[in-house]
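Take a look at the letters that make up each chain.
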Amino acid sequence: MAVEPINKAADAAGLAAMIAHASEQASGGPRGEIPGLPPVERWNPPFCGDLDMEIRADGTWFYLGTPIGRAPLVRLFSTVLRKDEDGRTYLVTPVEKVAIRVVDAPFVAVEMQTSLRDGQQVLTFRTGVGDVVEAGSDHPIRFAIAGEGQELKPYLHIRGRLEALVSRAVMYDLVALGETIEIDGVAMFAVRSCDTVFPVMPAAELELLSR
């Protein structure tokens with residue numbers, strides 16, 4: 001039996017059921033409790049159009065103009081997200097992919113914990129959809145200045161080409177851990193995690209902003 005296109009689902013629950021069904025048919029049976037995330041980077045399905053789904057800047061997911069209030073549904077959708085080389089973000093199953101809209105980043109880092117390991121500071125982040133990531137060489141943090149107000153916006157790499165915007169509350173805690181470190185002969189305000197230093201901005205620029 002052919003799989004019904006997922007962009008024809010009438011509501012978020014129906015969309016989730018179609019995604020699960022598509023995965024089951026491709027694998028020949030129920031997915032069950034599979035460790036880790038679906039291997040979306042290895043799937044190469046055809047493009048099947050745009051889906052009326054949007055992830056707002058605050059991390060709220062909308063489908064057909066309505067917020068998706070059920071956390072398990074949002075979590076399911078987040079596990080089949082992929083950002084391709086064309087810069088667009090897709091929901092991907094083994095048999096099709098559909099494009100969705102992302103206002104800023106697909107995830108938001110809503111919590112940060114600080115610990116020590118072998119004498120090194122480790123920053124561990126949790127996203128609003130439940131991903132837990134340690135910042136480091138495999139999961140770098142980048143800092144951008146955006147908007148008319150020149151707002152500092154940190155982004156954490158999650159997987160593939162997907163990032164999480166660090167929420168404002170968490171950003172304040174993150175910046176509080178900053179220190180001045182010389183990088184390539186320039187004094188930089190930066191934060192550390194694991195064995196990696198993440199530059200925020202030149203220390204001289206920060207001094208000017210703080211006046």
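Structural data are supplied above this passage.
Counting restarts for each chain: residues are numbered from 1 in the order of the written sequence. Totals for whole chains, interfaces and linings use every residue, but because this is a predicted model, local features are given only for residues with pLDDT of at least 70 and side-chain atom pairs only at 80 or more, for both listing and counting. Side-chain measures were taken over the full set of non-hydrogen atoms in the model, leaving aside hydrogen atoms and water.

Let's shift gears to the sheet that holds strand β7 (residues 107-117). Pairs of strands are assigned from DSSP output, requiring at least two bridges between the strands. Put simply, DSSP marks the helices as runs of H or I at least four residues long and the strands as runs of E at least two long, and each gets a number from the N terminus on. Sheet architecture is open: 6 strands sit in the order β9-β8-β7-β12-β11-β10, paired in mixed fashion. At either margin of the open sheet sits one strand with a lone partner, and together these are β9 (132-134) and β10 (141-146). When the angles between neighbouring strand axes are averaged without regard to direction, this sheet yields 40°. Pairing geometry for β10 and strand β11 (residues 151-159), over 6 bridges, is antiparallel. The partner of I141 across the bridge, within β11, is L156. Sitting on the sheet, helix α3 (residues 168-176) is in contact with β7, β8 (120-127), β10, β11 and β12 (162-166), with an inclination near 25° to β7. Think of each axis as a best-fit line through the C-alpha atoms, taken over the contacting stretch in the case of a helix, with angles from 0 to 180 degrees between the N-to-C directions. We call two residues contacting when some pair of their heavy atoms lies within 4.5 Å.

Here the focus is unusual backbone geometry. One non-glycine residue, L64, lies in positive phi territory at about 55°. Mapped onto the elements of the fold, L64 is located in the loop between β2 (61-63) and β3 (66-67). Despite not being glycine, C194 has its phi angle at roughly 55°, a positive value. On the secondary structure map, C194 appears in the loop between β14 (186-193) and β15 (196-202).

Take the side chain of E54 next. Examined against the element boundaries, E54 turns out to sit in strand β1 (residues 47-55). For E54, a relative accessible area of 17% translates into the label buried. Identification of polar contacts relies on pairs of N or O atoms within 3.5 Å, with a donor-acceptor requirement for protein atoms, meaning one able to donate a hydrogen and the other able to accept it, and with residues adjacent in sequence counted only if both atoms are side-chain atoms. Among the polar contacts made by the side chain of E54, one reaches the side chain of R101 at a distance of 3.3 Å. Not counting residues within four places of it along the chain, the set of residues in contact with E54 comprises T60, W61, F62, R101 and V103. Only protein chains enter the accessibility calculation, which uses a 1.4 Å probe. A residue is then buried if its area is under 20% of the maximum for its type, exposed if over 50%, and partly exposed in between.

Overall, mixed pairing links the 6 strands, which are arranged β3-β2-β1-β6-β5-β4 in an open sheet. Since the sheet does not close on itself, it has two edges, and those belong to β3 and β4 (81-83), each with one partner. As paired elements, β2 and β3 share 2 bridges and run antiparallel to each other. Residue pairing in the sheet places F62 in a bridge with P67 of β3.

Turning next to the nonpolar core. Grouping buried Ala, Val, Leu, Ile, Met, Phe, Trp, Tyr and Cys residues that are joined through side-chain atoms within 4.5 Å yields what is termed a nonpolar core. L15, M53, W61, I68, F77, L91 and F125 are the most contacted members of the largest nonpolar core, which totals 50 residues. Of the residues forming this core, the biggest block, 5 residues, is contributed by helix α1 (residues 12-27). When sequence neighbours within four positions are dropped, the list of residues in contact with F77 reads A12, L15, A16, I19, M53, W61, I68 and L91.

Structurally, V170 can be placed in helix α3. A relative accessible area of 5% means that V170 is categorised as buried. Residues contacting V170, with those up to four places away along its chain left out, are A109, V110, E111, M112 and F125.

Further remarks concern the packing of aromatic side chains. Paired rings are identified among Phe, Tyr and Trp, the last through its six-membered ring, by centres lying within 6.5 Å, and are further divided according to the angle between planes into stacked (under 30 degrees), edge-to-face (over 60) and tilted (the rest). For the coordinates displayed, the defined rule picks out 2 aromatic pairs. Seen in terms of ring centroids, F47 and Y90 are 5.9 Å apart; in terms of plane orientation they differ by 80°. Their pairing is edge-to-face. Here the residue F47 occupies a position in strand β1, and Y90 occupies one in strand β5 (residues 89-92), the gap between them amounting to 43 residues. For Y90, a relative accessible area of 4% translates into the label buried.

Inspection of the secondary structure puts T60 in the loop between β1 and β2. On the basis of relative accessibility, which here comes to 28%, the residue T60 falls in the partly exposed class. Distance in space between the C-alpha atoms of T60 and G128 is 9.3 Å, their sequence separation being 68 residues. Ignoring sequence-local partners within four residues, the contact set of T60 consists of E54, I55 and P67.

Moving on, we get to the pairing of β1. By the bridge criterion, 4 bridges tie β1 to strand β6 (residues 97-102) in an arrangement that is parallel. Bridge pairing in β6 links F47 to K97. Bridging between β1 and β2 involves 3 bridges; their strand directions are antiparallel. Residue M53 lies in a different strand from β2, and its bridge partner there is Y63.

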